[in-house]
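Chains, contacts and geometry: an overview
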Amino acid sequence: MTHVEDELTSQPECWTRAAAQAPEHGGALPAPGERVALVGCGTSYFMAQSVAALREASGQGETDAFAASEFPHGRSYDRVVALTRSGTTTEVLELLGELKGRSRTTAITADPHTPVMTAADDLVVLDFADERSVVQTRFATTALTLLRAHLGLHSDAVVTDARTALTTPLPEGLVDRTQFTFLGRGWTVGLANEAGLKMREACLAWTEAYPAMEYRHGPISVTTHGTATWMLGEAPDGLAEQVRATGGSWVAGGLDPLAELVRVQRLAVAVAAARGLDPDLPRHLTRSVILAP
C-alpha cells in the first residue's frame, strides 16, 4: 500500500476527531459577523474556496478565499485564516508576516515544529492528520471538516458516507477513461477544483473542473466517449442527460460531496496503478514549495 492509500483510508477517523475538537479551537476560528479571508496554496487554496462559500452561505459573515500569493492587500479583514499542511510554504509565511499588526491571523497546520507556529497569531494543529505523501488527502479534508463543524454544518452522516466511499467499488470502466471533468455548485466548486488537481498530481490525468452551470458554456464541447464527467453535489436539471448525449460517462455524486472527494482520491490511485505510476512520487512536485531568498 502506498502512503497516499494508507492516508486516504484513515479519513473517517480523522474527521471524527477533528469535529470533536472543533469547540476547543473556537477562539482561534472565525466568529459570526467577522469579515474573513481564507488563504492557501494548491489543495489548501481549494479547501479555502469551499469553506468561504459554506461560511458566507450560512450567514456567518462575508468570506473570501485567495491563493496566498494573490491576497488583495488593499482590503481589510477581521481575520485571515491560512491553511498550510507543512507550515513551511513560502507564500503563506510571507503573507502572514505582512499581515502582522494589520489583521488577526490563524494558521491551521499539521506540523507543530515549523515556522508558521510563530508567524500566526492563533494556531490550530491537526498533527493526527499529517501525511508522508506529497499528494494531500486527509489533512485537507480534515481541516475542512474542522471548519465545517465550527460552522455547525458537520454531521455523523458525513463520516458514514466517507466509509461508504472507501468500500463501494468505483463505477465500471472509469479507470480506462482518458479525460475527467469535475463539476460543483456553491461550496463544492472548491471540491471539484481539488478533485481535478488530485487526478493531475497522482496519475497525470487530463482533468478539468468547473461550476456546474458553466459546463454548458463551452467545456461540454470536448466531451467524448472517453470522457467521465463527475458531479460533486446536486446536479443542475438536465445536465446529466446532455452529457450522456455526447457519449461521455456521467458520474452522479450520491454521497456527501466531501465523501465523493474520497472516491475521487481512490480513483486517482487506481488510475496511477493502471498507468504504472507511483502516486507517492508525483512528477515535478515536492511536499512543500519553499522558495530560495
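A few points on the structure. It should be emphasised that the depicted structure is a prediction, and the values quoted were computed from it without experimental measurement.

**Things to note about the overall build of the chain**
Counting its regular elements, the chain contains ten helices and nine strands. Its C-alpha atoms give the chain a radius of gyration of 18 Å, near enough to 19 Å, the size a compact globule of 293 residues would have. The proportion of buried residues among the 293 residues of the chain is 57%. A separation of at least 24 residues holds for 71% of the contacts in the chain among residues at least 6 apart in sequence. In the structure as shown, the chain presents an accessible area of about 12000 Å², 52% of it carried by carbon and sulfur atoms.

**Quick look at the sheet that holds strand β6 (residues 179-184)**
The strand order β7-β6-β8-β9 describes an open sheet built from four strands, whose pairing is parallel. Of all the strands in the sheet, the pair left with one neighbour each is β7 (206-211) and β9 (249-251). This sheet shows a mean twist of 20° between the axes of neighbouring strands, independent of strand direction. Bridge count between strand β8 (residues 227-232) and β9: three bridges; the pairing is parallel. The partner of Ala228 across the bridge, within β9, is Ser249. The strands touched by helix α10 (residues 257-274) within the sheet are β6, β8 and β9, with β8 carrying the most contacts at an inclination of about 155°.

**Considerations on the packing of aromatic side chains**
Throughout the structure, instances matching the rule amount to six aromatic pairs. Where Phe66 meets Tyr77, the ring centres are 6.4 Å apart and the plane angle is 70°; that geometry is what we call edge-to-face. One end of the pair, Phe66, is in strand β2 (residues 63-67); the other, Tyr77, is in the loop between β2 and β3 (79-84), and eleven residues separate them in sequence. Each member of the pair Phe66 and Tyr77 is classed as buried.

**A look at helix α4 (residues 90-99)**
Three or more residues of α4 are buried, namely Thr90, Val92, Leu95, Leu96 and Leu99. The inward-facing, buried residues of α4 abut β1 (36-40), β3, β4 (104-109) and α5 (116-119). Once α4 finishes, Gly101 follows within two positions and takes phi at roughly 80°, a positive value.

**With respect to the sheet that holds strand β5 (residues 122-125)**
Taken together, the five strands give an open sheet; going across it, the order is β2-β1-β3-β4-β5, and neighbouring strands pair in parallel fashion. Strands with a single pairing partner mark the edges of an open sheet, and in this sheet they are β2 and β5. Put simply, the sheet's adjacent strands are angled 20° from each other on average, direction ignored. Examined bridge by bridge, β1 and β3 share four bridges and lie parallel to one another. Bridge pairing in β3 links Leu38 to Val81. The strands touched by helix α3 (residues 43-57) are β1, β2 and β3; relative to β2, the strand with the most contacts, the crossing angle is about 170°. Sheet strands touched by α4: β1, β3 and β4. Its angle to β3, the strand with the most contacts, is close to 160°.

**Here's the deal with α3**
Since the α-helix advances by 3.6 residues per turn, residues separated by three or four positions end up pointing in the same direction. Given a rise of 1.5 Å per residue, 15 residues ought to cover 21 Å, and the 22 Å separating the end C-alpha atoms of α3 matches this to within 8%. All buried positions along α3 are accounted for by Thr43, Ser44, Phe46, Met47, Ala48, Ser50, Val51, Ala52, Leu54 and Arg55. Taken together, the buried residues of α3 touch β1, β2, β3, α6 (138-150), α8 (188-203) and α10.

**Remarks on the side chain of Glu34**
When you line up the elements, Glu34 lands in the loop between α2 (11-21) and β1. In this structure Glu34 comes out as buried when scored by relative accessible area, which is 18%. Of note is the side chain of Glu34, whose polar atom sits 3.0 Å from the backbone nitrogen of Ala31. The contacts of Glu34, once residues within four sequence positions are left out, are Arg55, Gln60, Gly61, Glu62, Asp78 and Arg79.

**Some details on the pattern of salt bridges**
With the rule as written, the count across this model stands at twelve salt bridges. In this structure, Glu13 and Arg163 form a salt bridge, with 3.0 Å as the shortest nitrogen-oxygen distance. Of this pair, Glu13 sits in helix α2 while Arg163 sits in helix α7 (residues 156-167), and the two are 150 residues apart along the sequence. Among the residues examined, Glu13 registers a relative accessible area of 43% and is labelled partly exposed. On the accessibility criterion, Arg163 (41% relative accessible area) is partly exposed. Lys198 is the salt-bridge partner of Glu194, the closest N and O atoms lying 2.8 Å from each other. Note that Glu194 and Lys198 are positioned in helix α8 at a spacing of four residues, about one turn of the helix. With respect to burial, Glu194 and Lys198 carry one shared label: buried. It is possible to trace a salt-bridge network through shared partners that takes in Glu34, Arg79, Arg104 and Asp122.

The rules behind the values
Residues numbered from 1 in each chain as written. Predicted model: local features only at pLDDT ≥ 70, side-chain atom pairs only at ≥ 80, totals over all residues. Heavy atoms only, no water. Helix = DSSP H or I, 4+ residues; strand = E, 2+ residues; numbered from the N terminus. Rg over C-alpha atoms; globule rule 2.2 N^0.38 Å. Buried < 20%, exposed > 50% of the residue type's maximum accessible area, 1.4 Å probe, protein only. Contact = heavy atoms within 4.5 Å. Areas by Shrake-Rupley, 256 points an atom, 1.4 Å probe, with all protein chains shown as cover. Pairing = 2+ DSSP bridges. Axes fitted to C-alpha atoms, helices over the stretch in contact; angles between N-to-C directions. Phe/Tyr/Trp six-rings, centres within 6.5 Å; stacked < 30°, edge-to-face > 60°. Expected span 1.5 Å × (residues − 1). Polar contact = N/O pair within 3.5 Å; in protein donor to acceptor, adjacent residues only side chain to side chain. Salt bridge = Lys/Arg side-chain N within 4 Å of Asp/Glu carboxyl O.

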